[in-house]
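Each chain, written out:
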Amino acid sequence: MSKIHYREWGIPSPTYWGILIFLGLFIAAAGVSVLYMEHMGHWVTGMTNQIVWGTPHVFAVFLIVAASGALNVASIGSVFGKKVYKPLAPLSGLLAITLLVGGLLVLVLDLGRPDRLIVAMTTYNFKSIFAWNIYLYTGFMVIVATYLFTMMERKANVYTKPMGFLAFVWRLALTTGTGSIFGFLVARQAYDAAVMAPMFIVMSFSFGLAFYILMVMFMYNLDGRPVGDGLLNRLKNLLGVFVAGVLYFTLAYHLTNLYVTENHGVEAFILLNGGVYTTVFWMGEVIIGGLLPLAIIFHPGLSQSRCWIAAACLLVLLGGLSKVFVIIIGGQAFPMSIFPGMTIVEGSVFDAVNGQPFSYAPSLPEVLLGLGGIAMAIAATLVGVRMLKFLPVSLADEAVDPHYSAKP
Amino acid sequence: MSKSKGQTDMDRRTFMGLTVGAAATLVAPGVFLHSIAQAGDREQPVTDKVRWGMLVDTSKCANGCSACVDACKTENGLSNHGRPATDPTWIRKVKVRDNFTGRETNLPLMCQHCEFPPCVDVCPTGASFKRADGIVMVDRHVCIGCRYCMMACPYKARSFIHEDIEIKPTNAPRGKGCVESCNLCVHRLDNGQAMTACAEACAKAGHNALVFGDLKDPNSPVSQALKQLPSRQIRADLQLSTGVRYSGI
Ligand code: SF4
Ligand code: SF4
C-alpha cells in the first residue's frame, strides 16, 4: 500500500454546476415554502395543536441522526485503528457536518419564530434537554471541524487520534441527546422507554453509513475514480450489521413496551390497528428499511452488484425516514392517556373521543422543506469536496487495503 | 394601540394592550411579560405567599354548558378562524365515562398549573415559566415556537398560534408563532381581582362548579371547598402537584 493521495473532486465544470443547480432548485423550493409557512402561519401545514411536530421534524431528526452516524467511518479508522478506513475518514467528517447543518436548518426554519434564533442561542434553560442539544450540536461541528483539520494538515496528524476519540464520544452523546428529546416526554406512552437512546445510536450508525456509501459511489463514479470491490464489500457488510442492529432494537423496543401493561394500547396502535402508522411500520420500517436491504446485502449474487448495493442503501434511508415518521408522528397520533380507566365520550379536537387517534396529513410545503434540508446537505458536501482535498484519488483495494493481495 | 395612548390613567390593562401592539410589530425586545407581571400591583411583587388554584366540582358541571369556555374566549380575545384543529383553545369541555362503572362526568380541562411543570422543564429558552404565585405561563417575547412544551404537557393544555391574530388591546401579548395556554386570568389577579373569567361565568350561569382562589390561604373559598370535598389530580401518578384539582371523578 502506498501513501494515500487526496485530490479535489474533478468532474467537469458543467456537470458540477448542473448538479448544484438541480440541488439548488430543491433548496429554493424549501426557501419559498418557509416564507409561505411563516407568512401564512402554520395552519397551512398539516401540523395542528394535536400533531405539533410534523414532516419537517421527521426530516430534521433523520438528518441529525444520520449526521452522527456518518462520522462512524472515521471513528473506525482512527479510534479503532482499522487502516483501511483511514482514507475514508475526511469525507466521513465532512458528511457529518453537512448532514447536521441540513437537519438543523430544517428544524430551525420550522420554528414558529425562526427570527428569534438569537434568543434560542442566548437564553438558556439548563434543565431543558433541548438547550443541551444546542450545545451538543455546535460542539459537534467544532470538534469534527478540528478533527478534519488534524487529518488534512500533516503537521497536526499527531492529534488525529485524540481528536477522533473526542469526536467519537461526542457523537455518542449527541445521538443520546437527540433520542432523549423523546425520552423526556414521560406523559406520552410511545416515548417512555429506556431502549430509546441505544436505539437512536444504532439508527445513526445505519443511516449515516448508508448515506456515506451512496455519496462515495456517486462521487467516485462521476469522477471516474476507482472504488475497490473489497472496500465496498466491507462497507456493505458493516451496513448489514447495523441494519440488523436496528431491527433488533426495534424488536426490543416493542417487546419491552408489550411487557408494560399500560403501553399495550400504543403497541397495538403501531403494530396492528394504527392505519397508516401500522402500514408505515411494517412496510417502511421493517420490510423496506430492514428485511429487503438485509436480503440484498447478504445475497451471494445481488450483493456483488454495485447497483444493488446502492439500492440497498437507498432502501435503508427510506426505511429510516419511515422509522422516524412512526416514532414522531405515530407517537403523537396515538392518544395519550389523560384519564386512565376512563373513556372520553365527548370533547374538543384536543381529545381523543372514544380513543380515536389524531390525524395528520403532510402538506407540500413541509415536504419541500424537508427535501430542501437533504439537498442542502448534499450540495454542501459536493462544494466541500470540490474546494478541498477530501477524496482519495483512488479507493482501489490495492491502494487502501494494507492486507490486499490480488487473487488470481 | 393609538387609542390607549390618550388615556392618562395608564392602568395595567392598558399597558398590556400597549405591549400587544408592540409584540405585533416585533419591537419591544427586552420587555418581558414576567418583569411586567412581577411589577405586580405596581407596589407588590409577585410572591410565593399565595398559590393560585382551582377546584372543579364535577358534580355541578352541567352537561352541554360551555359558559366557562365561552367566557375564556371573550376574556382573552381568542380568535376563532373556524379551523378547530389550529384555533387556540385554553379551556375545553370534556365528558368522560368510567370504563368500569359507566358513570359519566363533565369537566373543563385547562392548564393544570403544575407545581412541577414539564412544559417549563423542557422549554429550551425559559419562555415557559412558573410565577412565584404558581401560575404557569409563556413569555411571548422569548418563545421561539418550538412546541416542545406542547409535546411535554400531559393534558394537551397548550395551543400554538397558527395564524395571524387580530390585534386588539387584550390582556396579554399574543402573536403568531408562539405557544400559549390558560394563565388563570393573570391580568385580573394582578389588578387585584381574585376571580377568573371561567369561574365567574360558571357562577353566573348558576352552576358554581369552579371554585378559584389562593390555595395557601386556609380561609379562601378554594381551600374551604378542598377541605370538604374529596378531590384528586388528573394523572396524579405523574406527581406534578397540579394547582387545579377535581372532585367527583
Ligand atoms: S398543565 Fe401543561 S401547560 Fe399547564 S403547567 Fe402543567 S405541563 Fe405546563
Ligand atoms: S414553544 Fe415556546 S414556550 Fe414552548 S417550549 Fe418552545 S420556546 Fe418554550
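Whatever comes next refers back to the structure up there.
Rules used throughout
- Residues numbered from 1 in each chain as written.
- Chains lettered and ligands numbered in written order.
- Predicted model: local features only at pLDDT ≥ 70, side-chain atom pairs only at ≥ 80, totals over all residues.
- Heavy atoms only, no water.
- Helix = DSSP H or I, 4+ residues; strand = E, 2+ residues; numbered from the N terminus.
- Buried < 20%, exposed > 50% of the residue type's maximum accessible area, 1.4 Å probe, protein only.
- Contact = heavy atoms within 4.5 Å.
- Axes fitted to C-alpha atoms, helices over the stretch in contact; angles between N-to-C directions.
- Parallel < 35°, antiparallel > 145°, perpendicular 65-115°, else oblique.
- Left-handed = near helix turned anticlockwise from the far one by under 90°.
- Pairing = 2+ DSSP bridges.
- Buried area = accessible area lost by both parts, 1.4 Å probe.
- Salt bridge = Lys/Arg side-chain N within 4 Å of Asp/Glu carboxyl O.
- Nonpolar A, V, L, I, M, F, W, Y, C, P; charged D, E, K, R; others polar.
- Core = buried A, V, L, I, M, F, W, Y, C linked by side-chain atoms within 4.5 Å.
- Near = heavy atom within 4 Å.
- Phe/Tyr/Trp six-rings, centres within 6.5 Å; stacked < 30°, edge-to-face > 60°.
- Lys NZ or Arg CZ within 6 Å of the ring centre and 35° of its normal.

Student: When you look at the overall build of chain B in this model, what are you seeing that I'm missing?
Tutor: A count of helices and strands for chain B gives nine helices and nine strands. Evaluated residue by residue, chain B yields a buried proportion of 60% over its 249 residues. Partitioning the intrachain contacts of chain B with sequence separation of at least 6 by distance along the chain shows that 61% fall at a separation of at least 24.

Student: Hey, could you run me through the packing of helix H7 (residues 160-183) of chain A against helix H8 (residues 196-223) of chain A in this one?
Tutor: Helix-helix packing is described using two parameters, namely the angle between the two axes and the distance between the axes. Residues and elements named next belong to chain A. It is the contact of H7 with H8, at a shortest axis distance of 8 Å, that shows an interaxial angle of 125°. The orientation of H7 with respect to H8, classified from their angle, is oblique. Once H7 is placed against H8, the crossing between them reads as right-handed. Residues Arg171, Leu172, Thr175, Thr176, Thr178, Gly179 and Phe182 of H7 form the contact with H8, whose participating residues are Met196, Ala197, Phe200, Ile201, Ser204 and Phe205.

Student: Would you mind showing me how to read the sheet that holds strand S2 (residues 91-98) of chain B here?
Tutor: By definition, the strands of a sheet pair up through backbone hydrogen bonds, in either a parallel or an antiparallel sense. Spatially, the three strands line up as an open sheet ordered S2(A)-S2(B)-S3(B), and their pairing is antiparallel. A single partner strand is all that each edge strand has here, and the edge strands are strand S2 (342-346) of chain A together with strand S3 (104-110) of chain B. For this sheet the average axis-to-axis angle between neighbouring strands, irrespective of direction, equals 40°. Across four bridges, the pairing between S2 of chain A and S2 of chain B is antiparallel. Within S2 of chain B, the position partnered with Ile344 of chain A by the bridge is Val96 of chain B. Packed on one face of the sheet, helix H4 (residues 67-76) of chain B meets S2 and S3 of chain B and runs near 160° to S2 of chain B.

Student: Just checking my understanding: could you explain the interface of chain A and chain B for this structure?
Tutor: The figure often quoted for interface size is the accessible area lost as the parts come together. Facing the 55 residues of chain A at the interface are 56 residues of chain B. For the pairing of chain A and chain B, the buried interface totals around 4,700 Å² over both sides, and the portion due to carbon and sulfur atoms is 58%. Ranking the residues of chain A by area buried against chain B places Trp43, Asn49 and Phe350 of chain A at the top, with a combined share of 14%. Inspection of the chain A/chain B interface yields four salt bridges. A salt bridge links Asp351 of chain A to Arg92 of chain B, with the nearest nitrogen and oxygen atoms 2.9 Å apart. Here the element with the most residues in the side of chain A that touches chain B is S2 of chain A; it accounts for five residues. Considered class by class, the residues forming the side of chain A that touches chain B number 27 nonpolar, 19 polar and nine charged.

Student: Where do I start with the nonpolar core in this structure?
Tutor: Across soluble globular proteins, nonpolar side chains show a tendency to be buried alongside one another. Judged by nonpolar contacts, the single largest core of 193 residues is most densely connected at Phe182 and Phe339 of chain A together with Tyr148 of chain B. It is H8 of chain A that provides the largest number of residues to this core, a total of 18 residues. If we ignore the near neighbours within four places in the chain, the residues touching Phe339 of chain A are Ile344 of chain A together with Val94, Val96, Leu107, Leu109 and Ile234 of chain B. Of all hydrophobic cores here, the second largest spans seven residues; its members include Ala30, Met37, Val44 and Ala60 of chain A.

Student: Got a minute to help me understand the site of ligand 2 in this structure?
Tutor: By nearness alone, 13 residues border ligand 2, and Cys123, Cys143, Cys146, Arg147 and Cys149 of chain B come closest of all. Classifying every residue of the shell around ligand 2 gives nine nonpolar, three polar and one charged.

Student: Would you mind showing me how to read the packing of aromatic side chains here?
Tutor: Geometrically, a pair of aromatic rings is defined through the distance of the ring centres and the angle of the planes. One pass over the full model with this rule turns up 22 aromatic pairs over all chains. Members of the aromatic cluster, each reached through a chain of ring pairs, are Trp53, Phe130, Phe182, Tyr191 and Phe200 of chain A together with Tyr148 of chain B. One Lys or Arg, Arg386 of chain A, reaches over the ring of Tyr16 of chain A and ends 4.2 Å from the middle of that ring.

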